[in-house]
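Summary of structural features
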Amino acid sequence: MAAQEYARPHARLHLAGFFGFGPAYVWSRAPSNDVYYDFAAWRRLAQTAERGLFSTLFLGDSQRLREHLGRITDHSVTGRPDQLVLFAHLAAVTERIGLVATLNTTFTDPADLARRLATVDVLSGGRAGWNVVTTDNDWTGENFRRGGDVGHADRYRHAAEHLATVEALWAAWPDGAVPGDDTWSVPGALERVVRGVRRAWPSLPPSPQGQPVLFQAGESPEGRDFAARHAEGIFSRYLQFDAALEFAADLRRRLVAAGRPDDDLRIFPATRIVLGDTESDAGERARWFRDATWSDRRVRAVVEAVWGHDLTDHPVDGPLPATDPVVATQTITHGVVNTSDRPLRTAAAWRELAEARGFTMRELVLHLNDTVEFVGTPSSVADELARYVRAGAIDGLNLQPNSVPDGFDDVVDRLVPALQDRGVYRTAYEGTTLRHNLGLRPAVARRHAGHTVTTREESA
Ligand SMILES: Cc1cc2nc3c(=O)[nH]c(=O)nc-3n(C[C@H](O)[C@H](O)[C@H](O)COP(=O)(O)O)c2cc1C
């Protein structure tokens, strides 16, 4: 496609330093798992990302250790530091990069979350973001007073109410009002937020970006509509080119239906990038990362999660087990990657696929976990990313480092200059806030003068 034929010939790519929790080379081959709790490693990653003019850091969340066959497992990252505490530290050693935390609306309290997020936003000079998730499992719920699972529709209803309260609290402190100033201390200057029969008061003034930037992650029609109504960014799963284009078009339609401009939201799927001196060098590195990520033990764990019992003696380079899954012990609450609540059906589908394609157990698991990655020379990867961005398929990437703590080095040193040469990447931060650097308008909830502060009429 010639440059002038693109839907957005002048669009620019945003990079986000992302840390997921699936099976990953990054944690399995790091000098030790302790690197996840080592501040020096986080600082190095954050400062490298900022040197590479990344728009933001972006952390996923999981609030409970995972289980496999009834026992705590280390097949995925074990434990995660509290994101806002980590970001408070990282804000002190960075200047411009954004700090987007994934926090759920199902198990948190709005006033508490509003205050903690506003604290990071104010202390970082307006660099905070909130990836609003609903968290869809009861094994996370077990760690919270609210407990258990909440049905899908209820989760989104609850999320809308939670978010409305948080935004009302953020908006209730008048812009420019300073403690000590007469306009601030007079009764009624600070607005009270009424939520049901309860009252809440704001804790902090707004940061230079007004309020944290809102992201959303959830892909059902309800999730997409929630994003179209409230969010300014979305963490998506769609990266195959046509699927990404279709997803973007669907979201733009929903934005317009929600009364917003169709360029009001940034789309960030997650991926990895593997660079090499030649295409074949890059391909070899990608295969090496894949093999290092998918140890025999991890391959077996994916199958065990469906079959429901230990398969230690089953060779991973042979066919799937001939026996059927042990149905009774397998439920979605086990919380291991790829868990299924319909083991017999999943096993039948996997067998059919493996037989049709002649897959061993390992080949099947690799096939099922095959995600779109950008593998090539800096120049070929930059060309491909420019195509995605200019066609309007994506706005940014949640980029997983391939190793810790040096995982962003080659992207920053080799890919970023190639993207800049093509005019598809910034050469300096445009501003000091995350909102400014993502090219966003004021938050949806703050657009209209005299925005609503009261989320529900106070009952008598
Ligand atoms: C790309 C993506 C990333 C997500 N990341 C998280 C996460 O880090 N933590 C979390 O608790 N839930 C996460 N979720 C779960 C969602 O918040 C939501 O509960 C789930 O996707 C079910 O909603 P849906 O049917 O609208 O997709 C993620 C969902 C998607 C699609």
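If you check an unreviewed UniProt entry, the protein chain appears there as FMN-dependent oxidoreductase (Nitrilotriacetate monooxygenase family) from Pseudonocardia endophytica. Among the UniProt annotations of the protein chain, the heading Sequence similarities (unreviewed entry) holds the following wording: "Belongs to the NtaA/SnaA/DszA monooxygenase family."

Section: the site of the ligand
Close contacts around the ligand come from 17 residues, with G60, V133, G218, S220 and G223 the closest. Taken together, the elements giving at least two residues each to the shell around the ligand come down to β5 (98-104) and α8 (221-230). When grouped by side-chain class, the residues that make up the shell around the ligand number 3 nonpolar, 9 polar and 5 charged.

Focus: unusual backbone geometry
Geometrically, the link from V404 to P405 is a cis peptide bond, its omega value of 10° lying close to zero. Here the phi dihedral of L53 falls at roughly 60°; this positive angle occurs in a residue that is not glycine.

Quick word on the UniProt feature "binding site: FMN" (unreviewed entry) in the protein chain
Sites flagged by UniProt as "binding site: FMN" (unreviewed entry) map to D61, T102, H152, Y156 and S220. Along the chain, the position of H152 falls in helix α6 (residues 152-171). Along the polypeptide, Y156 turns up in helix α6. Sequence-distant contacts of Y156, defined by excluding residues within four places in its chain, comprise T134, E222 and F226.

Thoughts on the sheet that holds strand β1 (residues 14-19)
Read around the barrel, 8 strands follow the order β1-β2-β5-β6-β9-β10-β11-β14 and close on themselves; strand pairing throughout is parallel. The mean angle between the axes of side-by-side strands here comes to 30°, regardless of whether they run parallel or antiparallel. The pairing of β1 with strand β14 (residues 396-399) spans 4 bridges and is parallel. The residue of β14 that forms the bridge with L15 is L397. Against the sheet, helix α4 (residues 110-123) touches β5 and β6 (128-133), its axis set at about 150° to β6.

About the cut-offs
- Residues numbered from 1 in each chain as written.
- Predicted model: local features only at pLDDT ≥ 70, side-chain atom pairs only at ≥ 80, totals over all residues.
- UniProt positions renumbered as here; feature names shortened; annotations may be inferred.
- Near = placed C-beta within 6 Å.
- Helix = DSSP H or I, 4+ residues; strand = E, 2+ residues; numbered from the N terminus.
- Nonpolar A, V, L, I, M, F, W, Y, C, P; charged D, E, K, R; others polar.
- Contact = placed C-beta atoms within 7 Å.
- Pairing = 2+ DSSP bridges.
- Axes fitted to C-alpha atoms, helices over the stretch in contact; angles between N-to-C directions.

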